[in-house]
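# Descriptive analysis of the structure
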Amino acid sequence: MIVYDLSCPNAHSFEGWFSSSGDFEKQQDDGRLVCPVCDSANIRKAPMAPAVSSRQPDRSSATREDRQSAMQNEIPPQVREAFAKLAKAQAKALESSTWVGGKFAEEVRSQHYGEKDAAPVHGKASIADARALVEEGIGIAPVLFPVADPDELN
């Protein structure tokens, strides 16, 4: 089983259990994934901390119950509230922004140099492109939560 943290555009977070990553994709493609709070079908995987294995061979001091209990600890309410506010602010900012996909660096450069009228845009850029934009003095900011390419949504 794979457990994914999921979220909707309204910053509602919840877990989904899947038999494989392919099962998640199939359920998403079939429209079977919906937010339990607002019924939005625009569901995406939320950022998750990676599982890091310990190099310490002896883990006998912690019982299985102790490990399960630790894994079930919830995110503190203050942290959950902060993430919800950030997600809501990002969603609000993106409402007035245009998706430019992989042409992000090209688009913001042409706006910066006056070749196009300034307008809020968002899209994809490689780390190298983002660094180059910053070095050119072009103000950009990463989105904190993943944004799905509108062409790839249902």
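Residues numbered from 1 in each chain as written. Predicted model: local features only at pLDDT ≥ 70, side-chain atom pairs only at ≥ 80, totals over all residues. Heavy atoms only, no water.

### Digging into helix α4 (residues 104-112)
We count it as follows: Note on exposure labels: buried denotes an accessible area under 20% of the residue type's maximum, exposed denotes more than 50%, and partly exposed covers the range between, all computed with a 1.4 Å probe on protein chains only. Only DSSP runs of H or I covering at least 4 residues are called helices, and only runs of E covering at least 2 are called strands; the numbering of each starts at the N terminus. We call two residues in contact when some of their heavy atoms are within 4.5 Å.
Every buried residue of α4 is listed here: F104, A105, E107, V108, S110 and Q111. Those residues of α4 hidden inside the fold are in contact with β4 (98-101), β5 (121-123) and α5 (127-135). Once α4 ends, the next one or two residues include G114, with phi positive near 80°.

### Quick look at the sheet that holds strand β3 (residues 44-45)
Here is the rule: Strand pairing requires that DSSP identify at least two bridges connecting the strands.
The three strands lie next to each other as β2-β1-β3, forming an open sheet whose pairing is antiparallel. Because the sheet does not close on itself, it has two edges, and the strands there are β2 (13-18) and β3. Note that strand β1 (residues 2-7) and β2 share six bridges and pair antiparallel. Its bridge partner being in β2, D5 is matched across the sheet by E15.

### Observations concerning the packing of α4 against α5
What counts, and what does not: Working convention: axes come from line fits to C-alpha atoms, limited for helices to the stretch in contact. Angles between N-to-C directions cover 0 to 180 degrees. The labels follow the angle: roughly parallel below 35 degrees, roughly antiparallel above 145, roughly perpendicular from 65 to 115, and oblique for the rest.
At their nearest, the axes of α4 and α5 sit 10 Å apart, and the two run at 10° to each other. Relative to α5, the element α4 lies roughly parallel. Residues F104, A105, V108 and R109 of α4 pack against D129, A132 and L133 of α5.

### A look at the pattern of salt bridges
Side chains carrying opposite charge are able to pair once their charged atoms draw close together. Defined as follows: Note on definitions: salt bridges are taken to be side-chain nitrogens of Lys or Arg within 4 Å of carboxyl oxygens of Asp or Glu.
Scanning the model with the defined rule gives five salt bridges in all. Where E81 meets K85, a salt bridge forms, and the shortest distance between an N and an O atom there is 3.2 Å. On the criterion of helical spacing, the pair formed by E81 and K85 is a turn pair, its members being four residues apart in helix α3 (residues 77-95). Residue E81 is classed as partly exposed on the basis of its relative accessible area, which comes to 45%. Overlapping salt bridges, with partners in common, bring together K26, D30 and R32 in one network.

### Details of the side chain of S97
We apply this condition: Think of a polar contact as two N or O atoms within 3.5 Å of one another; within protein, one of them needs to be a possible hydrogen donor and the other a possible acceptor, and neighboring residues in sequence only count if both atoms come from side chains.
Inspection of the secondary structure puts S97 in the loop between α3 and β4. Taking relative accessible area as the criterion, S97 reaches 14% and is therefore assigned buried. There is a polar contact of 3.3 Å between the side chain of S97 and the backbone nitrogen of V121. Within the local environment of S97, its side chain forms a polar contact with the side chain of H122, the two groups lying 2.8 Å apart. Look past the residues within four positions of S97 in its chain and what remains in contact with it is P120, V121 and H122.

### Some details on the nonpolar core
Under the convention used in this document: The term nonpolar core refers to a set of buried residues drawn from Ala, Val, Leu, Ile, Met, Phe, Trp, Tyr and Cys, joined through side-chain atoms within 4.5 Å.
Membership of the largest hydrophobic core is limited to nine residues, which are Y4, L6, C8, F14, F18, F24, L33, C35 and I43. Elements represented by at least two residues in this core include exactly β1 and β2. Apart from residues no more than four positions distant in its own chain, C35 is found in contact with C8, H12, F14, S40 and I43. If you look at the next biggest cluster of nonpolar residues, it comprises seven residues, including V100, F104, V121 and L133.

Interpretation note: all reported values are geometric properties and have no functional meaning in isolation.
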